[in-house]
Amino acid sequence: MAVAAAVCVSGAVVYAAAGPISTAGADPSANDWFLLRMCESGNNYAINTGNDHYGAYQFDLLTWRSVGGSGYPQLASPAEQDARALMLYRMRGWQPWQCAGIVGLQEDADARSGRISDITIPGSTPAPAPSSGAVAPAWPGPRYFSFGDQSTTIKRWQDQMHARGVFPVGTGYFGPNTLAVVKRLQGQNGLPQTGILGPVTWQLAWTGRYVAPPTTSAPAWPGPRYFSFGDQSTTIKRWQDQMHARGVFPVGTGYFGPN
């Protein structure tokens, strides 16, 4: 899924701050970050102009969530916006920000490195990584992947999770098993469970925490017939009740409806 470019809200480039300059913490200089924010948002961390981009760095919601943000960017603290901007820079360089080209920002060696484990989000604790010291390869990009997609990038991610004992060898198809593992991996590492495979979830296949769900034995299939939309059966109700026990359904009715 492509990430929309942020919209510049200031036509003028300002080269000096009127007050203290906040910084995304490392890598590009504080002045580089300031120039970016001035062009993107007028350095306004609380801005919401109604253009589907929010806060000082004009995150869209998909990009914000890809770096672990929740809620709306402009409601997060300036320190959190700074930290997540740095995470995005480490994953994709200046590419997501149109204004970076306008003000002439240059990437350094950390751009696109994928190294985010040293970035601390204020008020949070970094998720533990495997003890092997594994390093994720660079995100192949540029698009993100979701249910129904087919790609060699998906296969490579599946193969890495296979190496950790989660999947069979990857097929490259983003099906229901991949969706379940993506969401579980995101949830166990403090990310919103979007079900989207992007640069941060890619990295977690190598560096993130993952604990497989406990296995249980299913009762024998009652059979003999199969069920589909519009059917009513005690077998359907039993299946619904089991999904209810897993937090998915209300108590089963036995009717095979749209839910």
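Structure's up top.
The notes below deal with the structure included here. (Residues numbered from 1 in each chain as written. Predicted model: local features only at pLDDT ≥ 70, side-chain atom pairs only at ≥ 80, totals over all residues. Heavy atoms only, no water.)

Observations regarding the packing of aromatic side chains
Note the cut-off: Note on aromatic contacts: the rings of Phe and Tyr and the six-membered ring of Trp form a pair at centre separations within 6.5 Å, being stacked when their planes are under 30 degrees apart, edge-to-face when over 60 apart, and tilted otherwise. Note on conventions: DSSP H or I runs of at least 4 residues are helices, E runs of at least 2 residues are strands, and numbering of each starts at the N terminus. Accessible area is worked out with a 1.4 Å probe on protein chains only. A residue is then buried under 20% of its type maximum, exposed over 50%, and partly exposed in between.
Considering all chains together, one arrives at 16 aromatic pairs under this definition. Centroid distance Trp33 to Trp94: 5.1 Å. Interplanar angle 65 degrees. Geometry classified as edge-to-face. Pair noted here: Trp33 is in helix 1 (residues 30-41) and Trp94 is in the loop between helix 3 (78-92) and helix 4 (98-102), with a separation of 61 residues, a long-range link. One exposure class covers both Trp33 and Trp94, and it is buried. For the ring pair Trp139 and Phe145, a centre distance of 6.3 Å and an interplane angle of 70 degrees mean the geometry is edge-to-face.

What to know about the packing of helix 5 (residues 152-163) against helix 7 (residues 199-207)
Basically, it comes down to this: Simply put, an axis is a line fit to the C-alpha atoms, just over the touching stretch for a helix, and the angle between two N-to-C directions goes from 0 to 180 degrees. Roughly parallel refers to an angle under 35 degrees, roughly antiparallel to one over 145, roughly perpendicular to one between 65 and 115, and oblique to any angle outside these ranges. Crossing handedness follows the turn of the near helix against the far one: under a right angle anticlockwise gives a left-handed crossing, and clockwise gives a right-handed one. Note on contacts: a residue pair qualifies if any of its non-hydrogen atoms lie within 4.5 Å across the two residues. Ten residues, namely Ala, Val, Leu, Ile, Met, Phe, Trp, Tyr, Cys and Pro, are considered nonpolar, four, namely Asp, Glu, Lys and Arg, are considered charged, and the remaining ones, Gly among them, are considered polar.
Relative orientation of the contacting elements helix 5 and helix 7 amounts to 30 degrees, with a least axis distance of 9 Å. Classed by the angle they form, the pair helix 5 and helix 7 counts as roughly parallel. As for the relative orientation of helix 5 and helix 7, their crossing is left-handed in sense. Between helix 5 and helix 7, the contacting residues are Thr153, Arg156, Trp157, Gln160 and Met161 on the first element and Thr201, Trp202, Ala205 and Trp206 on the second. The residue makeup of the contact of helix 5 with helix 7, split by class, is five nonpolar, three polar and one charged.

Side note on the side chain of Thr201
Where we set the bar: For the purposes of these results, a polar contact is taken to be a pair of N or O atoms within 3.5 Å, where, inside protein, one atom must be able to donate a hydrogen and its partner to accept one; residues adjacent in sequence count only when each atom of the pair is a side-chain atom.
As for its placement among the helices and strands, Thr201 is situated in helix 7. Here Gln186 takes part through its side chain, which lies 3.0 Å from a polar atom of the side chain of Thr201. Not counting the four nearest positions on each side in its chain, Thr201 is found in contact with Trp157, Val182, Leu185, Gln186, Leu191 and Ile196.

Quick word on the nonpolar core
How we decide: Only buried residues count toward a nonpolar core. Its members are Ala, Val, Leu, Ile, Met, Phe, Trp, Tyr and Cys residues joined through side-chain atoms within 4.5 Å.
Core analysis: the largest hydrophobic core is formed by 49 residues, its most contacted members being Trp33, Leu36, Tyr57, Trp97 and Trp157. Where this core is concerned, the elements lending two or more residues are helix 1, helix 3, helix 4, helix 5, helix 6 (176-188) and helix 7. Looking at this core, the element that brings in the most residues is helix 3, giving seven residues. What Leu36 contacts, discounting residues up to four positions off in sequence, is Tyr57, Trp94, Trp97, Cys99, Ala100 and Leu105.

Describing the state of the cysteines
Rules: Disulfides are defined as cysteine sulfur pairs within 2.5 Å.
Enumeration over the complete set of coordinates arrives at one disulfide. The disulfide that involves Cys39 links it to Cys99, with 2.2 Å between the sulfurs. Its S-S torsion of approximately -70 degrees makes the covalent link between Cys39 and Cys99 left-handed. Pair noted here: Cys39 is in helix 1 and Cys99 is in helix 4, with a separation of 60 residues, a long-range link. A residue is classified by how much of its surface remains accessible, and Cys39, at 2% relative accessible area, is buried. You can call Cys99 buried: its relative accessible area is 0%.

Quick notes on helix 1
Applied cut-off: Expected span, for any helix, means 1.5 Å times one less than how many residues it has.
If you check helix 1, its first and last C-alpha atoms are 16 Å apart, about what twelve residues at 1.5 Å a residue would give, namely 16 Å. In terms of residue burial, helix 1 counts as a mostly covered element, since nine of its twelve residues are buried. Restricting attention to buried positions, one finds in helix 1 the residues Trp33, Phe34, Leu35, Leu36, Arg37, Met38, Cys39, Glu40 and Ser41. One or two steps after helix 1, the chain reaches Gly42, where phi turns positive at roughly 70 degrees.

Things to note about the packing of helix 6 against helix 7
Orientation of helix 6 relative to helix 7, taken along the N-to-C sense of each, is 80 degrees, at an axis distance of 10 Å. Taken together, helix 6 and helix 7 sit at an angle that is classed as roughly perpendicular. Touching Val182, Leu185 and Gln186 of helix 6 are Thr201, Leu204 and Ala205, all from helix 7. Its residues assigned to classes, the contact of helix 6 with helix 7 shows four nonpolar, two polar and no charged.

Observations concerning the layout of surface pockets
Convention followed: We place a 1 Å grid over just the protein atoms. Points where a 1.4 Å probe fits but has no way out form a cavity, open points with protein on both sides within 12 Å along at least 5 of 7 lines form a pocket, and any residue with an atom within 4 Å of a point lines it. Grid points are joined across faces, edges and corners, and a volume is the space filled by probe spheres set on the points.
What the largest pocket holds in volume is close to 1,300 Å³. Taken together, 42 residues make up the lining of the largest pocket; nearest its centre are Trp239, Gln240, Gln242, Met243 and Arg246. Those elements giving two or more residues to the lining of the largest pocket turn out to be helix 6 and helix 8 (234-245). A total of seven residues in the lining of the largest pocket trace back to one element, the largest contributor, which is helix 8.

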